[in-house]
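This is what each chain is made of:
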Amino acid sequence: MKRNNYLHCLFLVITTLCMTALQAAEVQWLSAVGGDWNDTANWSGGILPTESDDVLISIATDSTIEYSTANTVVNSLTLTGNLNLLSGSLTVAGASEITGLLTIQQGATLIAMGDVASLVVNGLANIDGGNVHALNGGQISLPGATRYQGAGSLIAQGAGSRLDLSALTDIGIGTPG
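Residues numbered from 1 in each chain as written. Predicted model: local features only at pLDDT ≥ 70, side-chain atom pairs only at ≥ 80, totals over all residues. Heavy atoms only, no water.

(A) Layout of the overall build of the chain. In terms of regular secondary structure, the chain is built from one helix and 19 strands. Residues counted as buried form 38% of the 177 residues belonging to the chain. Summing over all exposed atoms, the chain offers an accessible surface of approximately 9100 Å²; the carbon and sulfur share of this is 57%. (Helix = DSSP H or I, 4+ residues; strand = E, 2+ residues; numbered from the N terminus. Buried < 20%, exposed > 50% of the residue type's maximum accessible area, 1.4 Å probe, protein only. Areas by Shrake-Rupley, 256 points an atom, 1.4 Å probe, with all protein chains shown as cover.)

Below you can see the structure in the form of structure tokens.
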């Protein structure tokens, strides 16, 4: 009987540890101003965010984070400030929000992937040849996007996927400018 109690306790400890390990970690931007997403000195813990991280960024409203990393997946992103996607792809897998200006340059891709993935941008959004993809139930809302310019792609693919570009009034195909 004692052996069964010991095994039961061991099982509970291991289960608790595993559940804790599966929870997303919080990673914070350390500077009050913008900078390079790819600079590890800007992040708590000195490492770049990964798919298991909830990313929190709060910078001055006139500051910008410059993103040019190849491909990054984060659990969630909460950003107060501006984000300029220069190249590569940034994917969110959970509920995310940007309060500020979002710019998606040619060669950059913003992705919401999965049925719990959502991104709402409360501010202006400039899509200058970039790509915006809501996949496998993901949702992206850019109510401040009034113009789409360039040769990028706007994709909502998979059941429940949605792109909200309700204020879009100007679509240009070709070189952004």
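(B) Looking closely at the sheet that holds strand β9 (residues 95-99). The strand order across the open sheet built from seven strands is β1-β3-β6-β9-β12-β15-β18, with neighbouring strands paired in parallel fashion. The sheet is open, and its two edges are formed by β1 (25-28) and β18 (162-164), each paired on a single side. This sheet shows a mean twist of 10° between the axes of neighbouring strands, independent of strand direction. Pairing of strand β6 (residues 76-80) with β9 involves three bridges; the strand directions are parallel. Following the sheet pairing, T78 is matched in β9 by E97. (Pairing = 2+ DSSP bridges. Axes fitted to C-alpha atoms, helices over the stretch in contact; angles between N-to-C directions.)

(C) Up close: the pattern of salt bridges. All chains considered together, the criterion is met by one salt bridge. Across the salt bridge formed by D128 and R147, the nearest N and O atoms sit 2.7 Å from each other. Pair noted here: D128 is in strand β13 (residues 125-128) and R147 is in strand β16 (residues 147-149), with a separation of 19 residues, a long-range link. Given a relative accessible area of 17%, D128 falls into the buried group. (Salt bridge = Lys/Arg side-chain N within 4 Å of Asp/Glu carboxyl O.)

(D) Molecular detail of the nonpolar core. Grouped together as the largest cluster of nonpolar side chains are 34 residues, with contacts concentrated most on W37, I57, L77, L83, L85, L102 and L142. Residue contributions to this core peak at three residues, all from strand β11 (residues 108-113). In contact with L142, not counting residues within four places along its chain, are L102, V121, A125, I127, V132, D164 and L165. (Core = buried A, V, L, I, M, F, W, Y, C linked by side-chain atoms within 4.5 Å. Contact = heavy atoms within 4.5 Å.)

(E) Inspection of the confidence of the model for the chain at higher detail. Per-residue confidence for the chain gives a mean pLDDT of 89, with 85% of residues at or over 70. Confidence drops under a pLDDT of 50 for residues 15-21, and excluding neighbours within four residues, the segment shows zero contacts in the predicted structure. (pLDDT = per-residue confidence, 0-100.)

(F) Up close: the environment of V92. When you line up the elements, V92 lands in strand β8 (residues 88-92). Considered as a pair, V92 and V116 are 24 residues apart in the sequence and their alpha carbons are 9.6 Å apart.

(G) A look at unusual backbone geometry. Non-glycine residue N136 carries a positive phi angle of around 55°. Along the chain, the position of N136 falls in the loop between β14 (131-135) and β15 (139-141).

(H) Quick look at the packing of aromatic side chains. Per the stated rule, a full pass over the model turns up three aromatic pairs. Summarising the aromatic geometry, the rings of W29 and W43 are spaced 4.9 Å apart at their centres and angled 90° between planes, so their arrangement reads as edge-to-face. Linking W29 in the loop between β1 and β2 (35-36) with W43 in the loop between β2 and β3 (53-58), this pair joins segments that are 14 residues apart in sequence. Judged on exposure class, the residue W29 and its partner W43 are both buried. Ring centres 5.0 Å apart and planes at 70° place the aromatic pair W37 and W43 in the edge-to-face group. Note on accessibility: W37 and W43 belong to one class, buried. By way of ring pairs, the aromatic residues W29, W37, W43 and Y67 are connected into one cluster. (Phe/Tyr/Trp six-rings, centres within 6.5 Å; stacked < 30°, edge-to-face > 60°.)

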